[in-house]
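Listed here are the chains, written in short residue letters.
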Amino acid sequence: MSEATIDADLPAVDPRGAGAEEPDYLRAETSVRSWLLTKDHKRIAIMFYASVIVFLMLGGLFALILRTELLTPEKTIIDANTYNQMFTLHGVTMVWLFMIPAIPGAFGNFVLPLMLGAKDLAFPRINLASYYVYALSAIIMLTAMLAGGADTGWTFYVPYSSTSPTAVSWMGVGIFVNGVSSIMTALNFIVTTHTLRAKGLSWHRMPLFIWSIYGTSVIILFATPVLGMSLTLVALDHSFGLGIFDPRYGGDPVLFQHLFWFYSHPAVYIMMLPAFGVISEVVCSFSHNPPASYRAIAYSSLGIAFVGFFTWGHHMFVAGMSEFDAGIFGALSMFVAIFSAIKVFTWVATLRGGSISFATPMLYFLWFLFLFVFGGMTGVAVATQSLDVHWHDTYFVVAHFHFIMVGGTLTSFLAAAHYWFPKMFGKLYDERVGLLTSVAVFIGFVFTFLPQFLLGNAGMPRRYYSYPEQYQWLNVLSTGGAWLLGAGLLLTLANLVIALKWGRQAGPNPWGSRSFEWITASPPSKHNFESTPLVERSAYEYDLPEEVARARVPAR
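Residues numbered from 1 in each chain as written. Predicted model: local features only at pLDDT ≥ 70, side-chain atom pairs only at ≥ 80, totals over all residues. Heavy atoms only, no water.

**Remarks on the overall build of the protein chain**
Link 1 in the chain: Scanning the protein chain for helices and strands turns up 18 helices and two strands.
Link 2 in the chain: For 556 residues, the compact-globule estimate of 2.2 N^0.38 gives 24 Å, and the C-alpha radius of gyration of the protein chain, at 24 Å, lies within 12% of that figure.
Link 3 in the chain: Seen through its C-alpha atoms, the protein chain measures out along the principal axes to roughly 80 × 50 × 45 Å.
Link 4 in the chain: The 556 residues of the protein chain split such that 60% are buried.
Link 5 in the chain: Across the protein chain, every contact between residues at least 6 apart in sequence was considered, and the portion connecting residues at least 24 apart equals 82%.
Link 6 in the chain: On the protein chain, roughly 21,200 Å² of surface is accessible, and the fraction owed to carbon and sulfur atoms is 68%.
Link 7 in the chain: Computing the positive centroid from 30 side-chain charges and the negative centroid from 32, the protein chain places the two 8 Å apart. (Helix = DSSP H or I, 4+ residues; strand = E, 2+ residues; numbered from the N terminus. Rg over C-alpha atoms; globule rule 2.2 N^0.38 Å. Buried < 20%, exposed > 50% of the residue type's maximum accessible area, 1.4 Å probe, protein only. Contact = heavy atoms within 4.5 Å. Areas by Shrake-Rupley, 256 points an atom, 1.4 Å probe, with all protein chains shown as cover. Lys, Arg positive; Asp, Glu negative; His and termini not counted. Charge placed at Lys NZ, Arg CZ, Asp CG, Glu CD.)

Structure (C-alpha cells):
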C-alpha cells in the first residue's frame, strides 16, 4: 500500500495536538485553591517538581559547606560536630527528598497518564495525598534538622544512632512518613498501568519509560516497608533504650545492617530505573530511531528490579560473613551488571543509522552514559571481596556511589527537565545556554568526584574532619569541581525559569518524537484528551512521517 493510500485512509487530526481546543492545565483555573486542592496529575507533578528542586538546592548547599571545609587539612569554616551533621543532612536530603521522588514524582506523574492515553492516574485523590504526605515528611525532617540535626550519616548505623544526642528519632519518623508517600505513588502507577491503558496499547507498544516506572514501583512496594520497620526500631531504641540493636542488652547491630541494606541496595534501583526510562526516551527521540531492542531494555528493567533484592550483602563484606556468602553476594551483584550492560549496549546501538540531534537532552544522555559506565565498572570492582576490603569506608566508595546514584539521577533528571520542558510549559528554553550549562555540570561533576577515587585508593577514610597534608591537593581539586557544579546547576535553573516567561512557543511536538505524550497539545489541556485515543502503532515508529504517526493514535 502506498503512503498516499495510507494518508487517504487516516482520520483527520488536529495539528495542534489532542485537546488543543480546551484551555491548557496551567490556565484552566488560576486560584491558589485550585492548585492546592487539585487532583490533576499534571499540577501535582508540578508541585513535586518545584519541591524536589528546592531540596536539590538545599542538599547541594550542605555539600558545598562540606567541600569548603575540606579545603584545608584542619578547620576551615565549621567545627567537627557541625561537619558530622552536615554530611548526614546532605545524605538524608539528597536521598529521600530529591533522588527517590525526583523523576517518578515530577515526570512520572506528568507523562505516565499521557503515555497511556489516560485522562489521569487511577486514584487522583491518593495522588494528591501522596504529595502532602511527602511535604509532611519534609517538614518533619527539616524540623529535626533545626532541633539538633543528626550526626550518624544517612545510613543510621547502630549502636551509635541509638545513643547519639542528636534528633535521630525525629529524622527516622520523617523518613518513615516519606516512605508512605513513595508507596502511595507506586501503587497508583501500577494500578494505572494495568487498568487505564488506551485501547490497542499492549504492553509491548508502551513507551519504555513506563516499563521503568513500573519496575521501580514494584521495588518500592516490597522494599520500603523493611526500611520503615528498621528505622522505627532505631527510633524506639533511641527514645526508650530498648536495646534491640544494642549488644549490651543482647541486641544485634549486624541485624540492622541486613535490614537497612535489604532496602537501601534496591533503593539504588529506585533511583536508577526511572533514570533508565528517561534515557531510553531521549536516545530514541534525538536519534530519531527505534530502540535497537525494545524487549532487551524493557525486560532488563524487570531483571534489575528482581535480582537487586538479593545483593544487599555486598555492603557487608567486612561484617564477618563467610567466604561462601561473600562469593554468592559478589556473583549476584555482578549479575546485575549484565542487565545494566544490556541497556548500555542497546542505547549505543540505537544511535546506529539514526538522524542524531545534539540538543541539550542528548548531551545529558552522553554524560549519563559516561558516568554510568565508569561508575558501574567500579561497582563490579567493589563487588569483589578482596578489593572491597581495601576500599571499604574510604572515599573510593563515596566516589563510586556518587558516579552511579547522583551522576545517573542528576544527568537523567536534567535530561528530562529539558526534554519535557516544552510539553510541560509550552515554551522553548535557550538551546545555547542549555548546552553550555550542560558542559559545566559535567565538568564540575567529574572534577568533584574523580579525585575522590584517588583519595580513597590512597587510603583516605570518608567522613573524616581532618586529614594528612598529602591529601590536600586532591581535596582542593574536588572542592573546585563542586563549586563549578553548583554554578552550572544554578545557571541551568535560571535558563529554564527565564524560558517560562520569555521562551518561544514550542508547538505540540518540537522534537519530532513518536512517543504518545506528544500527541496532546503542549502544554496539555486539563483533561488531556476529549476521548480515549485508539493506539494503532508502537511508541517508536520513526519510519513513519510525523503526521502519519500522529494519525495512528487518533485522539481529540
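**Observations concerning the nonpolar core**
Link 1 in the chain: One finds Trp96, Phe107, Trp347, Phe413 and Trp420 to be the most contacted residues of the largest nonpolar core, which totals 168 residues.
Link 2 in the chain: For this core, the element with the most residues is helix α4 (residues 80–116), which contributes 22 residues.
Link 3 in the chain: Those residues within four positions of tryptophan 347 in sequence are excluded, and the remaining contacts are Phe276, Ile279, Ser280, Val283, Ile297, Phe365, Phe368 and Leu369. (Core = buried A, V, L, I, M, F, W, Y, C linked by side-chain atoms within 4.5 Å.)

**Focus on a nonpolar patch on the surface**
Link 1 in the chain: A cluster of nonpolar side chains, Val439, Ile443, Phe447, Trp473, Leu477 and Leu484, forms an exposed patch at the surface whose accessible area comes to about 520 Å².
Link 2 in the chain: Mapped onto the nonpolar patch, the elements with two or more residues apiece are α16 (431–457) and α17 (472–502).
Link 3 in the chain: Take tryptophan 473: it is sitting in helix α17.
Link 4 in the chain: For tryptophan 473, a relative accessible area of 57% gives the class exposed. (Patch = residues over 30% accessible without salt bridge, like charges linked within 9 Å, V, L, I, M, F, W, Y side chains within 5 Å. Salt bridge = Lys/Arg side-chain N within 4 Å of Asp/Glu carboxyl O.)

**Let's talk about unusual backbone geometry**
Link 1 in the chain: Cis geometry is found at the peptide bond from valine 158 to proline 159, where omega equals 5°.
Link 2 in the chain: Position of proline 159 relative to the elements: it lies in the loop between α5 (124–146) and α6 (160–163).
Link 3 in the chain: The peptide bond linking serine 522 to proline 523 adopts the cis configuration, its omega dihedral lying at 0°.
Link 4 in the chain: Positive phi, normally seen in glycine, also occurs at phenylalanine 156, with a value near 55°.
Link 5 in the chain: One non-glycine residue, histidine 288, lies in the positive phi region at around 50°.
Link 6 in the chain: When you line up the elements, histidine 288 lands in the loop between α9 (253–287) and α10 (294–307).

**Structural notes on the packing of aromatic side chains**
Link 1 in the chain: In total, this model carries 52 aromatic pairs according to the counting rule given.
Link 2 in the chain: For the ring pair tryptophan 391 and phenylalanine 396, a centre distance of 3.8 Å and an interplane angle of 5° mean the geometry is stacked. Just as tryptophan 391 is buried, phenylalanine 396 falls in that class too.
Link 3 in the chain: Positioned above the aromatic ring of tryptophan 35, the side-chain terminus of arginine 43 is 4.2 Å from the ring centre. (Phe/Tyr/Trp six-rings, centres within 6.5 Å; stacked < 30°, edge-to-face > 60°. Lys NZ or Arg CZ within 6 Å of the ring centre and 35° of its normal.)

**Digging into empty space enclosed by the protein**
Link 1 in the chain: Scanning the model with the defined rule gives six cavities of 30 Å³ or more in all.
Link 2 in the chain: Lining the largest cavity are 16 residues; nearest its centre among them are Ile100, Pro101, Pro104, Ser182 and Thr185.
Link 3 in the chain: Of all elements in the fold, only α4, α7 (168–195) and α8 (208–240) reach the threshold of two or more residues within the lining of the largest cavity.
Link 4 in the chain: The element contributing the most residues to the lining of the largest cavity is α7, with six residues.
Link 5 in the chain: Of the residues in the lining of the largest cavity, the class split is nine nonpolar, seven polar and no charged.
Link 6 in the chain: By volume, the second largest cavity amounts to about 50 Å³.
Link 7 in the chain: Around the second largest cavity, the lining residues are Asn509, Ser513, Arg514, Ser515, Trp518, Ile519, Arg537, Glu546, Ala549 and Arg550.
Link 8 in the chain: Across the lining of the second largest cavity, the residue classes tally to three nonpolar, three polar and four charged. (1 Å grid on protein atoms, 1.4 Å probe; cavity = no way out; pocket = protein on both sides within 12 Å on 5 of 7 lines; lining within 4 Å. Points joined across faces, edges and corners; volume = space filled by probe spheres on them. Nonpolar A, V, L, I, M, F, W, Y, C, P; charged D, E, K, R; others polar.)

**What about α4?**
Link 1 in the chain: If you check α4, its first and last C-alpha atoms are 51 Å apart, about what 37 residues at 1.5 Å a residue would give, namely 54 Å.
Link 2 in the chain: If you look at α4, its biggest bend is around 60°, right at proline 101.
Link 3 in the chain: Among the 37 residues that make up α4, 32 are buried, leaving the element largely enclosed by the rest of the structure.
Link 4 in the chain: The N-capping residue of α4, defined by a side-chain oxygen 3.3 Å from the backbone nitrogen of asparagine 81, is aspartate 79. (Expected span 1.5 Å × (residues − 1). Bend = angle between axes of the 7 residues up to and from the residue. Polar contact = N/O pair within 3.5 Å; in protein donor to acceptor, adjacent residues only side chain to side chain.)

**So, the pattern of salt bridges**
Link 1 in the chain: If you walk through the whole model with that rule in mind, you get five salt bridges.
Link 2 in the chain: Between aspartate 393 and arginine 462 there is a salt bridge, with the nearest N and O atoms lying 2.9 Å from each other. You can see aspartate 393 sitting in the loop between α13 (385–391) and α14 (395–419) and its partner arginine 462 sitting in the loop between α16 and α17, a full 69 residues away along the chain.
Link 3 in the chain: The exposure class assigned to aspartate 393 is partly exposed, which follows from its relative accessible area of 36%.
Link 4 in the chain: For arginine 462, a relative accessible area of 17% puts it in the buried group.

**Remarks on the environment of glycine 91**
Link 1 in the chain: Residue position: glycine 91 is located in helix α4.
Link 2 in the chain: Residue glycine 91 is classed as buried on the basis of its relative accessible area of 8%.

**Side note on the confidence of the model for the protein chain**
Link 1 in the chain: Model confidence for the protein chain is summarised by a mean pLDDT of 91, while 96% of its residues fall at 70 or above.
Link 2 in the chain: Per-residue pLDDT stays below 50 along residues 1–8; that stretch engages in six contacts with residues further than four places along the chain or on separate chains. (pLDDT = per-residue confidence, 0-100.)

**A short note on the packing of α9 against helix α12 (residues 360–382)**
Link 1 in the chain: Between α9 and α12, the least distance of the axes is 9 Å, while the angle of their chain directions is 135°. As the angle between them shows, α9 and α12 are arranged oblique. As for the relative orientation of α9 and α12, their crossing is left-handed in sense. Within the contact between the two elements, α9 uses Met272, Ala275, Phe276, Ile279, Val282, Val283 and Phe286 and α12 uses Pro361, Met362, Phe365, Phe368 and Phe372. (Axes fitted to C-alpha atoms, helices over the stretch in contact; angles between N-to-C directions. Parallel < 35°, antiparallel > 145°, perpendicular 65-115°, else oblique. Left-handed = near helix turned anticlockwise from the far one by under 90°.)

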